[in-house]
Amino acid sequence: MGLTLFFPSFRLLLFAVAVSGRCRSAGRIFLSRTIMKLFTFPKAEHLCSQLDIERLFQAGSHSMTAYPLRVVFREVPHTSGPAVKVLMSVSKRRFRHAVDRNRAKRQLREAYRQRKSLLEELPEGKGLHLAFLWISDAPASSEQVGRRMNSLLLRLRDRYRPAVAPAVLQETEQQETE
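Here is what the cut-offs are and how they apply
Residues numbered from 1 in each chain as written. Predicted model: local features only at pLDDT ≥ 70, side-chain atom pairs only at ≥ 80, totals over all residues. Heavy atoms only, no water. Helix = DSSP H or I, 4+ residues; strand = E, 2+ residues; numbered from the N terminus. Buried < 20%, exposed > 50% of the residue type's maximum accessible area, 1.4 Å probe, protein only. Contact = heavy atoms within 4.5 Å. Pairing = 2+ DSSP bridges. Axes fitted to C-alpha atoms, helices over the stretch in contact; angles between N-to-C directions. Parallel < 35°, antiparallel > 145°, perpendicular 65-115°, else oblique. Left-handed = near helix turned anticlockwise from the far one by under 90°. Nonpolar A, V, L, I, M, F, W, Y, C, P; charged D, E, K, R; others polar. Polar contact = N/O pair within 3.5 Å; in protein donor to acceptor, adjacent residues only side chain to side chain.

### Thoughts on the overall build of the chain
Thinking step 1. Assigned secondary structure in the chain consists of 7 helices and 4 strands.
Thinking step 2. Going from the N terminus to the C terminus, the chain shows its helices and strands as α-α-α-α-β-β-β-α-β-α-α.
Thinking step 3. Counting all 178 residues of the chain, 31% fall into the buried class.
Thinking step 4. For the chain, contacts bridging at least 24 residues in sequence account for 77% of all contacts bridging at least 6.

Written as C-alpha cells, this is what we have:
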C-alpha cells in the first residue's frame, strides 16, 4: 500500500529497480526487498476458513474457465487483512498420484504468485474469495498454466475494476479531442 505513493504503476517500479542497479547498494537492497514482498503468497492470503470455503461454493458464486483451470469467485465485504484470499485445489479424481497433484498445486501457486498484482485495484471495501480448481485429467506445462492464470486474472480485474467517476471520463475525453 505504501508503495503506491512512490510507484503508482508496476512498470514504474520495475524501471526504478533497473535504474537502481547503478545506485548505491542501500537503494538496491531496499528495492529488492520491496520487490520480493510484491511477489509473495503469505498464509494470510490463503483461504482456510471452512465457513468461507462453504460460502464460496454455495449459490451466489460465479465461475470462469480457461482450460485446464476454473476459478470460482465470490465478492465479500473487506474490513481488514488481504482483500483477496485464494484456495488452490487439485482433485484426487484428476490425478491419482500425490506427486502429480502436488506438482499441479505448485504450478497454480507459482502462477498466481507471479500475477496477483493484477488484482490490486479492487474497489474500496470489497474483497474477493477465489478458488482455483484444476479441471484437466492431464498435466500441463508451467507456461500454459501461467498463460491461463493470466487470462483468468485479467478477466477478474476487468470485472471488478473500480468505476471511474463520470466527471473524470468527461475530462479525459476532452483532453483526447484537443
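Anyway, onward from the coordinates.
### Some points on the sheet that holds strand E1 (residues 62-66)
Across a sheet, paired strands are connected by hydrogen bonds in the backbone, their directions being either parallel or antiparallel.
Thinking step 1. As summarised here, the arrangement of the 4 strands in space is E1-E2-E4-E3, forming an open sheet in which the pairing is mixed. Whereas interior strands pair on both sides, the edge strands pair on one side only; in this sheet they are E1 and strand E3 (84-89). The mean angle between the axes of side-by-side strands here comes to 20°, regardless of whether they run parallel or antiparallel.
Thinking step 2. In this structure, strand E2 (residues 69-77) lies alongside strand E4 (residues 126-134), joined through 9 bridges in antiparallel fashion. In the strand pairing of E4, Val72 is matched with Ala131.
Thinking step 3. Where helix H5 (residues 98-115) meets the sheet, its contacts fall on E2, E3 and E4, and the angle it forms with E3 comes to roughly 155°.
Thinking step 4. Packing of helix H6 (residues 142-160) onto the sheet brings it into contact with E1, E2 and E4, and relative to E1 it is tilted by some 145°.

### Structural notes on the packing of H5 against H6
Thinking step 1. Where H5 meets H6, the axes come as close as 9 Å, and the angle between the chain directions of the two elements is 50°. Taken together, the axis directions place H5 and H6 in an arrangement best described as oblique. At the point where H5 passes H6, the crossing takes the right-handed sense. Residues Arg103, Gln107, Leu108, Ala111, Tyr112 and Arg115 of H5 form the contact with H6, whose participating residues are Ser142, Val145, Gly146, Arg147, Met149, Asn150 and Leu153.
Thinking step 2. Of the residues in the contact of H5 with H6, the class split is 6 nonpolar, 4 polar and 3 charged.

### Remarks on the environment of Gln107
Thinking step 1. On the secondary structure map, Gln107 appears in helix H5.
Thinking step 2. When the C-alpha positions of Gln107 and Ala140 are compared, they lie 9.1 Å apart, and in sequence the two are 33 residues distant.
Thinking step 3. Leaving out residues up to four positions away in the same chain, Gln107 has contacts with Trp134, Ala140, Ser141, Ser142 and Val145.
Thinking step 4. A distance of 3.1 Å separates a polar atom in the side chain of Gln107 from a polar atom in the side chain of Ser142.

### Regarding the environment of Pro42
Thinking step 1. Mapped onto the fold, Pro42 is located in the loop between helix H3 (25-38) and helix H4 (50-56).
Thinking step 2. Judged by its relative accessible area of 35%, Pro42 falls in the partly exposed class.
Thinking step 3. Along the chain, Pro42 and Arg113 lie 71 residues apart, while their C-alpha atoms are 9.6 Å from each other.

### Quick word on unusual backbone geometry
Thinking step 1. In the segment running from Tyr67 into Pro68, the intervening peptide bond is cis, with an omega of 15°.
Thinking step 2. Looking at the secondary structure, you find Pro68 in the loop between E1 and E2.

### What about the side chain of Glu45?
Thinking step 1. Examined against the element boundaries, Glu45 turns out to sit in the loop between H3 and H4.
Thinking step 2. Judged by relative accessible area, Glu45 falls into the buried class, the value being 14%.
Thinking step 3. If we skip the residues at most four places from it in the chain, Glu45 touches Thr40, Pro82, Val84, Lys85, Val86, Tyr112 and Lys116.

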